[in-house]
Amino acid sequence: MSGDMILFFILASLSVIFSLLVIFPRNVVHSAMALAATLFFVAVLFLTLDAPMLAILQVLVYAGAIMILFLFVIMLLNPAALEGRRIAWWTLGSLAAVALLLELVSLFFYRPSPSGQPPVAAAFGGPETLAQSLFTDFALPFEIASVLLLVAIIGAVALAKREG
Amino acid sequence: MIIDLGIIAAKVFLVLFMVLNLAGLLGWIERKGSALIQDRIGANRASVLGFAGLGLVNTLLADPIKFLTKEDFIPPQGDRLLHTLAPCLALFPALVTFAVIPFGDVLVVGERQINLQVANLNIGILYIFGMASLSVYGIVVGAWASNNKFSLLGGVRGAAQMISYEIAMGLSVIGVIMAYGTLELQQIARAQGELFWGWLPAWGFFLQPVAFLLFFTAAVAETKRTPFDLPEGESELVAGYHVEYSGGKFLMFFVGEFAEIVTAAGLITTLFFGGWQLPYLMRDGFHFPWGGALLLPHLAVVVLQVGAFTIKVLFFCWLQILLRWSLPRFRYDQLMRLGWKMMLPVALVNVVVTAVWIVLRQQLSVKP
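Reading the values: the criteria
Residues numbered from 1 in each chain as written. Chains lettered and ligands numbered in written order. Predicted model: local features only at pLDDT ≥ 70, side-chain atom pairs only at ≥ 80, totals over all residues. Heavy atoms only, no water. Helix = DSSP H or I, 4+ residues; strand = E, 2+ residues; numbered from the N terminus. Contact = heavy atoms within 4.5 Å. Areas by Shrake-Rupley, 256 points an atom, 1.4 Å probe, with all protein chains shown as cover. Lys, Arg positive; Asp, Glu negative; His and termini not counted. Charge placed at Lys NZ, Arg CZ, Asp CG, Glu CD. pLDDT = per-residue confidence, 0-100. Patch = residues over 30% accessible without salt bridge, like charges linked within 9 Å, V, L, I, M, F, W, Y side chains within 5 Å. Salt bridge = Lys/Arg side-chain N within 4 Å of Asp/Glu carboxyl O. Buried < 20%, exposed > 50% of the residue type's maximum accessible area, 1.4 Å probe, protein only. Buried area = accessible area lost by both parts, 1.4 Å probe. Polar contact = N/O pair within 3.5 Å; in protein donor to acceptor, adjacent residues only side chain to side chain. Pairing = 2+ DSSP bridges. Expected span 1.5 Å × (residues − 1). Bend = angle between axes of the 7 residues up to and from the residue. Axes fitted to C-alpha atoms, helices over the stretch in contact; angles between N-to-C directions. Parallel < 35°, antiparallel > 145°, perpendicular 65-115°, else oblique. Left-handed = near helix turned anticlockwise from the far one by under 90°. Nonpolar A, V, L, I, M, F, W, Y, C, P; charged D, E, K, R; others polar.

### Observations concerning the overall build of chain B
Secondary structure assignment for chain B yields twelve helices and seven strands. Taking the intrachain contacts of chain B between residues at least 6 apart in sequence as the baseline, contacts between residues at least 24 apart amount to 75%. Total accessible area on chain B is roughly 16900 Å²; 71% of this is exposed by carbon and sulfur atoms. Here chain B holds 24 positive side-chain charges and 22 negative ones, and the gap between their average locations is 4 Å.

### Remarks on the confidence of the model for chain B
Per-residue confidence for chain B gives a mean pLDDT of 84; residues scoring 70 or more make up 99%. Per-element averaging of pLDDT across chain B places strand 6 (residues 285–287) of chain B at the bottom with 75 and helix 8 (residues 209–222) of chain B at the top with 90.

### Let's talk about a nonpolar patch on the surface
A cluster of nonpolar side chains, contributed by Met1(B), Ile2(B), Leu5(B), Ile8(B), Val12(B), Leu16(B) and Leu20(B), occupies part of the molecular surface with about 690 Å² of accessible area. Residue class for Val12(B) comes out partly exposed when judged on its relative accessible area of 34%.

### Points about the pattern of salt bridges
Residues and elements named next belong to chain B. In total, this model carries 13 salt bridges over all chains according to the counting rule given. The salt bridge partner of Arg225 is Glu257, with a shortest N-O separation of 3.0 Å. Of this pair, Arg225 sits in the loop between helix 8 and helix 9 (234–237) while Glu257 sits in helix 10 (residues 247–272); the two residues are 32 residues apart in sequence, bridging distant segments of the chain. An identical accessibility class is assigned to Arg225 and Glu257; each is buried. In this structure, Arg337 and Asp333 form a salt bridge, with 3.7 Å as the shortest nitrogen-oxygen distance. Of this pair, Arg337 and Asp333 both sit in helix 12 (residues 332–364), four residues apart, which is roughly one turn of that helix. On the basis of relative accessible area, Arg337 is assigned to the partly exposed category, the value being 43%.

### Quick word on the interface of chain A and chain B
Counting from both sides, the interface comprises 23 residues of chain A and, opposite them, 23 residues of chain B. At the boundary of chain A with chain B, total buried surface from both sides reaches about 2100 Å², with 85% on carbon and sulfur atoms. Where chain A meets chain B, there are zero salt bridges. Linking chain A to chain B there are two residue pairs in polar contact (both at pLDDT 80 or more).

### Points about the confidence of the model for chain A
For chain A, per-residue confidence averages 81 on the pLDDT scale, and residues scoring 70 or more make up 84% of the total. When pLDDT is averaged over each helix and strand of chain A, the minimum, 82, is found for helix 5 (residues 127–135) of chain A and the maximum, 89, for helix 6 (residues 139–163) of chain A.

### Considering the pairing of strand 1 (residues 106–109) of chain B
Residues and elements named next belong to chain B. Bridge analysis of strand 1 against strand 2 (residues 112–115) gives four bridges, and the strand direction is antiparallel. Across the sheet, Leu107 pairs through a bridge with Ile114, a residue of strand 2. Counting the residues in the hairpin turn of strand 1 and strand 2 gives two residues, including Gly110, whose phi is positive at 65°.

### So, the environment of Gln208(B)
Residue and element names in this part refer to chain B. Following the sequence through the fold, Gln208 ends up in the loop between helix 7 (204–207) and helix 8. With a relative accessible area of 3%, Gln208 lands in the buried category. Residues Gln208 and Ala221 lie 13 residues apart in sequence; the distance between their C-alpha atoms is 20 Å. The contacts of Gln208, once residues within four sequence positions are left out, are Gly175, Val176, Ala179, Phe272, Asn350 and Thr354. A polar side-chain atom of Gln208 sits 3.2 Å from a polar atom in the side chain of Thr354.

### A short note on helix 2 (residues 56–69) of chain B
All names here are of chain B. Across its 14 residues, helix 2 extends 19 Å between first and last C-alpha, which sits within 8% of the 20 Å expected from 1.5 Å per residue. Of all the bends in helix 2, the greatest reaches close to 35° and is centred on Ala62; the proline Pro64 follows between one and four positions later. Among the residues making up helix 2, those that are buried are Val57, Asn58, Thr59, Asp63 and Phe67. In this fold, the buried residues of helix 2 make contact with helix 1 (2–37) and helix 10.

### Side note on the packing of helix 1 (residues 3–23) of chain A against helix 2 (residues 28–48) of chain A
Residue and element names in this part refer to chain A. At their nearest, the axes of helix 1 and helix 2 sit 8 Å apart, and the two run at 160° to each other. Our classification of the angle between helix 1 and helix 2 gives roughly antiparallel. The element helix 1 and its partner helix 2 pack so that their crossing is left-handed. Residues Leu7, Phe8, Leu11, Leu14, Ser15, Phe18, Ser19, Leu21 and Val22 of helix 1 pack against Ser31, Ala34, Leu35, Ala37, Thr38, Phe41, Val42, Val44, Leu45 and Thr48 of helix 2. Along the lines of polarity and charge, the residues of the contact of helix 1 with helix 2 split into 14 nonpolar, five polar and no charged.

See the structure below:
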(Lines give C-alpha, C1' and ligand atoms only; values in the text may rest on other atoms or scores of the structure.)
Protein backbone atom coordinates (compact mmCIF):
# COMPACT_ATOMS: atom_id res chain seq x y z
CA MET A 1 0.00 0.00 0.00
CA SER A 2 1.43 3.34 -0.99
CA GLY A 3 1.72 6.40 1.22
CA ASP A 4 -1.19 8.08 -0.55
CA MET A 5 -3.47 5.14 0.21
CA ILE A 6 -2.47 5.08 3.89
CA LEU A 7 -3.14 8.82 4.12
CA PHE A 8 -6.48 8.36 2.38
CA PHE A 9 -7.60 5.63 4.76
CA ILE A 10 -6.57 7.64 7.83
CA LEU A 11 -8.42 10.73 6.60
CA ALA A 12 -11.45 8.78 5.37
CA SER A 13 -11.85 6.89 8.63
CA LEU A 14 -11.41 10.10 10.63
CA SER A 15 -14.11 11.85 8.62
CA VAL A 16 -16.45 8.86 8.97
CA ILE A 17 -15.85 8.68 12.73
CA PHE A 18 -16.47 12.40 13.19
CA SER A 19 -19.55 12.37 10.97
CA LEU A 20 -20.95 9.59 13.17
CA LEU A 21 -20.13 11.79 16.16
CA VAL A 22 -22.33 14.46 14.60
CA ILE A 23 -25.48 12.37 14.93
CA PHE A 24 -24.95 10.30 18.08
CA PRO A 25 -24.23 12.75 20.95
CA ARG A 26 -27.21 14.35 22.68
CA ASN A 27 -25.26 17.56 23.18
CA VAL A 28 -25.82 19.93 20.26
CA VAL A 29 -22.52 21.79 20.67
CA HIS A 30 -20.60 18.50 20.56
CA SER A 31 -22.43 17.63 17.33
CA ALA A 32 -21.59 21.00 15.81
CA MET A 33 -17.90 20.66 16.73
CA ALA A 34 -17.82 17.16 15.26
CA LEU A 35 -19.37 18.50 12.05
CA ALA A 36 -16.68 21.20 11.88
CA ALA A 37 -14.00 18.52 12.33
CA THR A 38 -15.61 16.41 9.57
CA LEU A 39 -15.56 19.36 7.19
CA PHE A 40 -11.93 19.99 8.06
CA PHE A 41 -10.90 16.39 7.31
CA VAL A 42 -12.81 16.44 4.01
CA ALA A 43 -10.87 19.62 3.19
CA VAL A 44 -7.60 17.75 3.82
CA LEU A 45 -8.88 14.99 1.50
CA PHE A 46 -9.33 17.65 -1.22
CA LEU A 47 -5.74 18.70 -0.53
CA THR A 48 -4.49 15.16 -1.25
CA LEU A 49 -6.50 15.20 -4.52
CA ASP A 50 -4.52 18.19 -5.94
CA ALA A 51 -7.27 20.69 -5.20
CA PRO A 52 -5.74 23.12 -2.66
CA MET A 53 -8.08 25.95 -3.64
CA LEU A 54 -11.16 23.83 -3.00
CA ALA A 55 -9.68 22.65 0.32
CA ILE A 56 -9.06 26.19 1.56
CA LEU A 57 -12.48 27.37 0.40
CA GLN A 58 -14.05 24.43 2.24
CA VAL A 59 -12.29 25.47 5.46
CA LEU A 60 -12.98 29.18 4.89
CA VAL A 61 -16.67 28.93 4.00
CA TYR A 62 -17.94 25.83 5.78
CA ALA A 63 -15.75 25.40 8.86
CA GLY A 64 -14.94 29.10 9.25
CA ALA A 65 -18.25 30.82 8.52
CA ILE A 66 -21.26 28.51 8.31
CA MET A 67 -20.37 26.37 11.31
CA ILE A 68 -19.59 29.47 13.37
CA LEU A 69 -23.08 30.76 12.56
CA PHE A 70 -24.52 27.37 13.60
CA LEU A 71 -22.66 27.61 16.91
CA PHE A 72 -23.76 31.23 17.29
CA VAL A 73 -27.43 30.28 16.91
CA ILE A 74 -27.05 27.26 19.20
CA MET A 75 -25.51 29.47 21.88
CA LEU A 76 -28.21 32.12 21.52
CA LEU A 77 -31.10 29.63 21.72
CA ASN A 78 -29.41 27.23 24.16
CA PRO A 79 -31.48 24.14 23.37
CA ALA A 80 -30.43 22.40 26.59
CA ALA A 81 -33.79 20.70 27.09
CA LEU A 82 -34.26 18.75 23.90
CA GLU A 83 -37.46 16.93 23.27
CA GLY A 84 -37.19 13.15 22.97
CA ARG A 85 -36.79 11.47 19.61
CA ARG A 86 -40.10 10.80 17.88
CA ILE A 87 -40.60 7.28 16.58
CA ALA A 88 -42.02 8.31 13.19
CA TRP A 89 -39.03 10.44 12.25
CA TRP A 90 -36.66 7.84 13.62
CA THR A 91 -38.03 5.09 11.34
CA LEU A 92 -38.25 7.38 8.31
CA GLY A 93 -34.64 8.42 8.80
CA SER A 94 -33.54 4.80 9.14
CA LEU A 95 -35.31 3.88 5.90
CA ALA A 96 -33.61 6.75 4.07
CA ALA A 97 -30.24 5.68 5.50
CA VAL A 98 -30.74 2.07 4.31
CA ALA A 99 -31.66 3.30 0.82
CA LEU A 100 -28.53 5.45 0.72
CA LEU A 101 -26.41 2.52 1.92
CA LEU A 102 -27.74 0.27 -0.89
CA GLU A 103 -26.89 2.95 -3.40
CA LEU A 104 -23.37 3.25 -2.00
CA VAL A 105 -22.88 -0.53 -2.01
CA SER A 106 -23.66 -0.59 -5.72
CA LEU A 107 -20.70 1.75 -6.20
CA PHE A 108 -18.38 -1.03 -5.03
CA PHE A 109 -19.13 -2.98 -8.21
CA TYR A 110 -18.49 -0.01 -10.48
CA ARG A 111 -14.75 0.36 -11.02
CA PRO A 112 -13.39 2.84 -13.53
CA SER A 113 -9.85 1.85 -14.45
CA PRO A 114 -7.56 4.33 -12.69
CA SER A 115 -4.75 3.71 -15.17
CA GLY A 116 -6.92 5.08 -18.00
CA GLN A 117 -7.17 8.50 -16.36
CA PRO A 118 -4.58 11.04 -17.48
CA PRO A 119 -2.59 12.69 -14.67
CA VAL A 120 -3.86 16.13 -13.68
CA ALA A 121 -2.28 19.19 -15.24
CA ALA A 122 0.07 21.32 -13.16
CA ALA A 123 -2.40 24.20 -12.94
CA PHE A 124 -5.30 21.92 -11.97
CA GLY A 125 -7.26 23.22 -9.01
CA GLY A 126 -5.39 26.52 -8.91
CA PRO A 127 -7.13 29.87 -8.67
CA GLU A 128 -6.54 30.72 -12.37
CA THR A 129 -8.13 27.54 -13.79
CA LEU A 130 -11.00 27.76 -11.34
CA ALA A 131 -11.71 31.38 -12.26
CA GLN A 132 -11.38 30.60 -15.99
CA SER A 133 -14.00 27.86 -15.92
CA LEU A 134 -16.20 29.81 -13.52
CA PHE A 135 -16.35 32.93 -15.71
CA THR A 136 -16.42 31.25 -19.15
CA ASP A 137 -18.02 27.78 -19.18
CA PHE A 138 -20.10 28.20 -16.04
CA ALA A 139 -20.88 31.92 -16.17
CA LEU A 140 -24.65 31.42 -16.19
CA PRO A 141 -24.87 29.04 -13.17
CA PHE A 142 -22.43 31.34 -11.36
CA GLU A 143 -24.65 34.37 -11.96
CA ILE A 144 -27.78 32.41 -11.04
CA ALA A 145 -26.15 31.36 -7.75
CA SER A 146 -25.25 34.97 -6.97
CA VAL A 147 -28.83 36.10 -7.69
CA LEU A 148 -30.05 33.35 -5.39
CA LEU A 149 -27.78 34.62 -2.63
CA LEU A 150 -28.97 38.19 -3.24
CA VAL A 151 -32.59 37.05 -2.89
CA ALA A 152 -31.70 35.33 0.39
CA ILE A 153 -30.03 38.49 1.71
CA ILE A 154 -33.00 40.67 0.78
CA GLY A 155 -35.33 38.14 2.37
CA ALA A 156 -33.32 38.17 5.59
CA VAL A 157 -33.31 41.98 5.71
CA ALA A 158 -37.07 42.08 5.06
CA LEU A 159 -37.72 39.58 7.86
CA ALA A 160 -35.52 41.50 10.29
CA LYS A 161 -37.19 44.81 9.38
CA ARG A 162 -40.69 43.49 10.02
CA GLU A 163 -39.84 42.73 13.66
CA GLY A 164 -38.62 46.27 14.30
CA MET B 1 16.55 14.66 0.60
CA ILE B 2 17.67 14.72 4.24
CA ILE B 3 19.11 18.20 3.76
CA ASP B 4 15.86 19.46 2.20
CA LEU B 5 13.86 18.11 5.13
CA GLY B 6 16.37 19.67 7.51
CA ILE B 7 16.00 23.07 5.82
CA ILE B 8 12.21 22.89 6.07
CA ALA B 9 12.40 21.86 9.74
CA ALA B 10 14.86 24.69 10.40
CA LYS B 11 12.55 27.24 8.78
CA VAL B 12 9.54 25.97 10.76
CA PHE B 13 11.56 26.11 13.96
CA LEU B 14 12.90 29.58 13.20
CA VAL B 15 9.45 31.05 12.48
CA LEU B 16 7.77 29.44 15.52
CA PHE B 17 10.71 30.44 17.72
CA MET B 18 10.59 34.05 16.57
CA VAL B 19 6.80 34.37 16.77
CA LEU B 20 6.52 32.82 20.23
CA ASN B 21 9.44 34.78 21.65
CA LEU B 22 8.17 37.99 20.13
CA ALA B 23 4.78 37.21 21.69
CA GLY B 24 6.47 36.92 25.09
CA LEU B 25 8.44 40.11 24.56
CA LEU B 26 5.27 41.93 23.51
CA GLY B 27 3.82 41.02 26.90
CA TRP B 28 6.67 42.95 28.45
CA ILE B 29 6.29 45.87 26.02
CA GLU B 30 2.56 45.96 26.72
CA ARG B 31 2.97 46.09 30.50
CA LYS B 32 5.84 48.55 30.60
CA GLY B 33 4.45 50.56 27.70
CA SER B 34 1.03 50.92 29.30
CA ALA B 35 2.74 52.00 32.50
CA LEU B 36 4.70 54.62 30.58
CA ILE B 37 1.54 55.94 28.89
CA GLN B 38 -0.41 56.01 32.16
CA ASP B 39 2.47 57.60 34.08
CA ARG B 40 3.09 54.76 36.53
CA ILE B 41 6.02 52.40 37.11
CA GLY B 42 4.54 49.09 35.96
CA ALA B 43 5.78 45.56 36.55
CA ASN B 44 8.77 45.72 38.89
CA ARG B 45 7.89 43.39 41.81
CA ALA B 46 10.10 40.44 40.88
CA SER B 47 13.88 40.56 40.74
CA VAL B 48 16.77 38.13 40.65
CA LEU B 49 19.58 39.15 43.05
CA GLY B 50 18.27 42.69 43.03
CA PHE B 51 18.13 42.82 39.23
CA ALA B 52 14.66 43.69 37.92
CA GLY B 53 15.75 44.62 34.37
CA LEU B 54 12.99 47.16 33.77
CA GLY B 55 10.37 44.56 34.58
CA LEU B 56 11.87 41.94 32.25
CA VAL B 57 12.39 39.54 35.16
CA ASN B 58 8.81 40.09 36.21
CA THR B 59 7.12 39.59 32.86
CA LEU B 60 9.42 37.03 31.24
CA LEU B 61 10.37 34.90 34.26
CA ALA B 62 7.99 35.37 37.18
CA ASP B 63 4.76 35.58 35.18
CA PRO B 64 5.18 32.32 33.23
CA ILE B 65 6.18 30.41 36.37
CA LYS B 66 3.13 31.78 38.12
CA PHE B 67 0.84 30.90 35.19
CA LEU B 68 2.16 27.36 34.92
CA THR B 69 2.04 26.55 38.65
CA LYS B 70 -1.44 27.95 39.31
CA GLU B 71 -4.47 25.74 39.78
CA ASP B 72 -6.06 24.75 36.49
CA PHE B 73 -9.72 25.30 37.28
CA ILE B 74 -12.48 23.66 35.24
CA PRO B 75 -16.01 24.76 36.14
CA PRO B 76 -17.83 21.74 37.67
CA GLN B 77 -20.96 22.35 35.55
CA GLY B 78 -18.91 23.11 32.45
CA ASP B 79 -17.80 20.84 29.66
CA ARG B 80 -14.43 19.31 30.56
CA LEU B 81 -13.45 18.24 27.04
CA LEU B 82 -14.34 21.46 25.24
CA HIS B 83 -13.01 23.63 28.07
CA THR B 84 -9.61 22.01 27.56
CA LEU B 85 -9.82 22.04 23.76
CA ALA B 86 -10.70 25.74 23.45
CA PRO B 87 -7.28 27.27 24.32
CA CYS B 88 -5.64 24.93 21.79
CA LEU B 89 -8.14 26.04 19.15
CA ALA B 90 -7.32 29.66 20.00
CA LEU B 91 -3.55 29.20 19.80
CA PHE B 92 -3.37 26.93 16.72
CA PRO B 93 -4.48 29.40 13.97
CA ALA B 94 -2.29 32.17 15.36
CA LEU B 95 0.80 29.96 15.09
CA VAL B 96 0.22 28.32 11.68
CA THR B 97 -0.73 31.50 9.81
CA PHE B 98 2.84 32.79 9.73
CA ALA B 99 3.83 29.79 7.56
CA VAL B 100 2.99 31.59 4.30
CA ILE B 101 4.46 35.00 5.18
CA PRO B 102 7.83 35.46 3.45
CA PHE B 103 10.52 36.90 5.71
CA GLY B 104 13.16 37.26 3.01
CA ASP B 105 14.00 36.66 -0.64
CA VAL B 106 15.98 33.66 -1.85
CA LEU B 107 19.09 32.66 0.08
CA VAL B 108 21.64 31.01 -2.20
CA VAL B 109 24.03 28.61 -0.47
CA GLY B 110 26.28 26.93 -3.03
CA GLU B 111 23.97 25.15 -5.50
CA ARG B 112 20.96 25.36 -3.26
CA GLN B 113 18.30 28.08 -3.37
CA ILE B 114 16.43 28.48 -0.11
CA ASN B 115 13.15 30.38 -0.30
CA LEU B 116 12.90 32.32 2.97
CA GLN B 117 9.28 31.35 3.61
CA VAL B 118 8.00 28.18 5.29
CA ALA B 119 5.40 27.23 2.67
CA ASN B 120 5.05 28.86 -0.74
CA LEU B 121 1.39 28.28 -1.57
CA ASN B 122 -0.18 29.67 -4.73
CA ILE B 123 -3.22 30.52 -2.60
CA GLY B 124 -1.29 32.12 0.27
CA ILE B 125 -3.80 34.85 1.09
CA LEU B 126 -6.74 32.43 1.04
CA TYR B 127 -4.82 30.15 3.40
CA ILE B 128 -4.41 33.05 5.81
CA PHE B 129 -8.11 33.85 5.71
CA GLY B 130 -8.98 30.16 6.11
CA MET B 131 -6.85 29.88 9.24
CA ALA B 132 -7.99 33.24 10.60
CA SER B 133 -11.62 32.17 10.23
CA LEU B 134 -10.87 29.16 12.44
CA SER B 135 -9.67 31.38 15.29
CA VAL B 136 -13.28 32.14 16.22
CA TYR B 137 -13.72 28.56 17.49
CA GLY B 138 -11.35 29.11 20.41
CA ILE B 139 -13.39 31.87 21.98
CA VAL B 140 -16.85 30.54 21.07
CA VAL B 141 -16.15 27.03 22.36
CA GLY B 142 -14.28 28.30 25.43
CA ALA B 143 -17.12 30.68 26.25
CA TRP B 144 -19.77 27.98 25.94
CA ALA B 145 -17.83 25.28 27.78
CA SER B 146 -17.30 27.53 30.82
CA ASN B 147 -21.02 27.46 31.66
CA ASN B 148 -20.89 31.08 32.73
CA LYS B 149 -23.32 33.76 31.54
CA PHE B 150 -20.62 36.44 31.29
CA SER B 151 -18.35 34.25 29.22
CA LEU B 152 -21.25 33.13 27.02
CA LEU B 153 -22.10 36.78 26.32
CA GLY B 154 -18.44 37.43 25.50
CA GLY B 155 -18.37 34.44 23.16
CA VAL B 156 -21.52 35.53 21.32
CA ARG B 157 -20.11 39.03 20.95
CA GLY B 158 -16.79 37.66 19.76
CA ALA B 159 -18.36 35.40 17.11
CA ALA B 160 -20.48 38.24 15.69
CA GLN B 161 -17.60 40.71 15.75
CA MET B 162 -15.04 38.46 14.12
CA ILE B 163 -17.35 37.32 11.33
CA SER B 164 -18.36 40.92 10.62
CA TYR B 165 -14.81 42.20 10.39
CA GLU B 166 -13.56 39.20 8.41
CA ILE B 167 -15.78 40.38 5.56
CA ALA B 168 -14.38 43.91 5.52
CA MET B 169 -10.86 42.47 5.85
CA GLY B 170 -11.32 40.09 2.93
CA LEU B 171 -12.81 42.77 0.69
CA SER B 172 -10.03 45.24 1.50
CA VAL B 173 -7.40 42.68 0.49
CA ILE B 174 -9.15 42.07 -2.86
CA GLY B 175 -7.96 45.52 -3.95
CA VAL B 176 -4.35 44.52 -3.21
CA ILE B 177 -4.77 41.18 -4.99
CA MET B 178 -6.13 42.98 -8.05
CA ALA B 179 -3.29 45.52 -8.03
CA TYR B 180 -0.60 42.83 -7.95
CA GLY B 181 -2.53 40.12 -9.80
CA THR B 182 -1.50 37.22 -7.56
CA LEU B 183 -2.50 35.40 -4.39
CA GLU B 184 1.08 34.39 -3.61
CA LEU B 185 2.59 36.46 -0.82
CA GLN B 186 6.17 35.99 -2.04
CA GLN B 187 5.21 37.39 -5.47
CA ILE B 188 3.39 40.32 -3.84
CA ALA B 189 6.53 41.07 -1.83
CA ARG B 190 8.70 40.84 -4.99
CA ALA B 191 6.37 43.13 -6.97
CA GLN B 192 6.83 45.80 -4.31
CA GLY B 193 10.51 46.11 -5.18
CA GLU B 194 9.69 48.11 -8.32
CA LEU B 195 9.82 51.88 -8.40
CA PHE B 196 7.27 54.45 -9.57
CA TRP B 197 8.67 57.41 -11.49
CA GLY B 198 12.07 56.02 -10.67
CA TRP B 199 12.04 56.89 -7.00
CA LEU B 200 8.85 55.87 -5.13
CA PRO B 201 8.83 52.20 -4.01
CA ALA B 202 5.74 50.36 -5.35
CA TRP B 203 4.57 49.49 -1.86
CA GLY B 204 0.96 48.47 -1.34
CA PHE B 205 0.47 51.47 0.91
CA PHE B 206 1.05 53.86 -2.02
CA LEU B 207 -1.08 51.78 -4.41
CA GLN B 208 -3.93 51.02 -2.01
CA PRO B 209 -3.98 53.51 0.90
CA VAL B 210 -7.70 52.97 1.57
CA ALA B 211 -7.23 49.21 1.62
CA PHE B 212 -4.42 49.67 4.16
CA LEU B 213 -6.63 51.67 6.55
CA LEU B 214 -9.47 49.15 6.24
CA PHE B 215 -7.18 46.16 6.62
CA PHE B 216 -5.37 47.59 9.63
CA THR B 217 -8.65 48.43 11.39
CA ALA B 218 -10.10 45.00 10.63
CA ALA B 219 -6.88 43.29 11.76
CA VAL B 220 -7.02 45.10 15.11
CA ALA B 221 -10.69 44.05 15.41
CA GLU B 222 -9.74 40.44 14.63
CA THR B 223 -7.19 40.39 17.45
CA LYS B 224 -10.00 41.49 19.81
CA ARG B 225 -7.99 44.26 21.44
CA THR B 226 -9.07 47.72 22.52
CA PRO B 227 -10.90 49.59 20.92
CA PHE B 228 -12.47 46.33 19.75
CA ASP B 229 -12.19 44.27 22.95
CA LEU B 230 -15.95 43.91 23.39
CA PRO B 231 -15.72 40.10 23.81
CA GLU B 232 -13.51 40.73 26.87
CA GLY B 233 -15.07 43.99 28.05
CA GLU B 234 -13.85 43.75 31.65
CA SER B 235 -16.02 46.62 32.88
CA GLU B 236 -19.25 44.84 31.91
CA LEU B 237 -18.37 41.15 31.39
CA VAL B 238 -15.60 40.65 34.03
CA ALA B 239 -13.24 39.11 31.45
CA GLY B 240 -15.66 37.86 28.82
CA TYR B 241 -14.92 34.57 27.14
CA HIS B 242 -11.99 33.67 29.40
CA VAL B 243 -13.56 34.38 32.78
CA GLU B 244 -13.32 30.74 33.83
CA TYR B 245 -9.76 30.18 32.61
CA SER B 246 -6.76 30.10 34.88
CA GLY B 247 -3.17 28.94 34.84
CA GLY B 248 -1.70 27.42 31.72
CA LYS B 249 -4.91 27.53 29.69
CA PHE B 250 -5.28 31.26 30.28
CA LEU B 251 -1.63 31.63 29.28
CA MET B 252 -2.48 29.94 25.96
CA PHE B 253 -5.25 32.48 25.26
CA PHE B 254 -2.84 35.25 26.26
CA VAL B 255 0.03 34.04 24.05
CA GLY B 256 -2.44 33.40 21.22
CA GLU B 257 -3.50 37.05 21.32
CA PHE B 258 0.09 38.26 21.10
CA ALA B 259 0.90 35.75 18.35
CA GLU B 260 -2.07 37.17 16.45
CA ILE B 261 -0.57 40.64 16.84
CA VAL B 262 2.71 39.41 15.38
CA THR B 263 0.92 37.68 12.50
CA ALA B 264 -1.19 40.76 11.79
CA ALA B 265 1.96 42.91 11.77
CA GLY B 266 3.64 40.43 9.39
CA LEU B 267 0.66 40.54 7.05
CA ILE B 268 0.42 44.33 7.06
CA THR B 269 4.14 44.51 6.33
CA THR B 270 3.92 41.98 3.49
CA LEU B 271 0.82 43.39 1.82
CA PHE B 272 1.33 47.11 2.25
CA PHE B 273 4.89 47.94 3.28
CA GLY B 274 7.06 45.95 0.93
CA GLY B 275 7.56 42.83 3.04
CA TRP B 276 11.31 42.22 3.14
CA GLN B 277 12.02 44.96 0.55
CA LEU B 278 14.34 47.76 1.52
CA PRO B 279 13.95 50.76 -0.80
CA TYR B 280 16.54 50.75 -3.63
CA LEU B 281 18.05 47.45 -2.45
CA MET B 282 18.35 45.11 -5.43
CA ARG B 283 19.77 41.60 -5.51
CA ASP B 284 23.34 42.83 -5.79
CA GLY B 285 23.22 45.92 -3.56
CA PHE B 286 21.80 49.44 -3.44
CA HIS B 287 20.98 51.29 -6.67
CA PHE B 288 19.99 54.83 -5.78
CA PRO B 289 17.62 56.84 -8.02
CA TRP B 290 19.95 59.84 -7.86
CA GLY B 291 22.69 57.72 -9.42
CA GLY B 292 25.39 55.83 -7.70
CA ALA B 293 25.33 52.28 -6.45
CA LEU B 294 26.61 50.43 -3.42
CA LEU B 295 27.30 46.82 -4.32
CA LEU B 296 27.02 44.32 -1.48
CA PRO B 297 27.77 40.59 -1.16
CA HIS B 298 24.77 38.23 -1.35
CA LEU B 299 24.78 37.38 2.35
CA ALA B 300 24.73 41.05 3.37
CA VAL B 301 21.75 41.68 1.07
CA VAL B 302 19.81 38.77 2.61
CA VAL B 303 20.63 39.92 6.14
CA LEU B 304 19.48 43.45 5.27
CA GLN B 305 16.22 42.10 3.81
CA VAL B 306 15.41 39.92 6.82
CA GLY B 307 16.41 42.82 9.08
CA ALA B 308 14.09 45.20 7.20
CA PHE B 309 11.22 42.73 7.54
CA THR B 310 11.87 42.31 11.28
CA ILE B 311 12.01 46.04 11.92
CA LYS B 312 8.77 46.66 10.01
CA VAL B 313 7.02 43.86 11.92
CA LEU B 314 8.28 45.24 15.24
CA PHE B 315 7.03 48.70 14.28
CA PHE B 316 3.50 47.45 13.56
CA CYS B 317 3.47 45.37 16.76
CA TRP B 318 4.40 48.51 18.67
CA LEU B 319 1.74 50.52 16.84
CA GLN B 320 -0.97 48.01 17.80
CA ILE B 321 0.06 48.13 21.46
CA LEU B 322 0.13 51.93 21.36
CA LEU B 323 -3.40 51.91 19.89
CA ARG B 324 -4.68 49.72 22.68
CA TRP B 325 -3.57 52.15 25.36
CA SER B 326 -4.64 55.31 23.51
CA LEU B 327 -8.21 54.62 22.39
CA PRO B 328 -11.37 54.01 24.43
CA ARG B 329 -13.58 51.00 23.75
CA PHE B 330 -16.43 51.15 21.24
CA ARG B 331 -20.01 50.55 22.21
CA TYR B 332 -21.36 47.38 20.63
CA ASP B 333 -23.78 49.13 18.23
CA GLN B 334 -20.98 51.50 17.18
CA LEU B 335 -18.78 48.49 16.49
CA MET B 336 -21.39 46.87 14.27
CA ARG B 337 -22.15 50.14 12.48
CA LEU B 338 -18.47 50.73 11.77
CA GLY B 339 -18.04 47.22 10.39
CA TRP B 340 -21.15 46.88 8.26
CA LYS B 341 -22.22 50.41 7.36
CA MET B 342 -18.86 52.14 6.96
CA MET B 343 -16.02 49.71 6.30
CA LEU B 344 -17.94 47.30 4.06
CA PRO B 345 -19.23 49.96 1.59
CA VAL B 346 -15.85 51.71 1.51
CA ALA B 347 -14.15 48.37 0.78
CA LEU B 348 -16.62 47.67 -2.05
CA VAL B 349 -16.03 51.13 -3.54
CA ASN B 350 -12.28 50.51 -3.27
CA VAL B 351 -12.64 47.29 -5.27
CA VAL B 352 -14.63 49.07 -8.00
CA VAL B 353 -12.20 52.01 -8.16
CA THR B 354 -9.26 49.61 -8.36
CA ALA B 355 -10.92 47.70 -11.21
CA VAL B 356 -11.58 50.92 -13.16
CA TRP B 357 -8.03 52.07 -12.56
CA ILE B 358 -6.59 48.76 -13.79
CA VAL B 359 -8.68 48.89 -16.98
CA LEU B 360 -7.69 52.53 -17.60
CA ARG B 361 -4.04 51.67 -17.06
CA GLN B 362 -4.28 48.89 -19.62
CA GLN B 363 -6.10 51.12 -22.11
CA LEU B 364 -3.84 54.13 -21.78
CA SER B 365 -0.73 52.14 -20.78
CA VAL B 366 0.29 54.66 -18.15
CA LYS B 367 2.34 53.96 -15.05
CA PRO B 368 1.41 53.32 -12.31
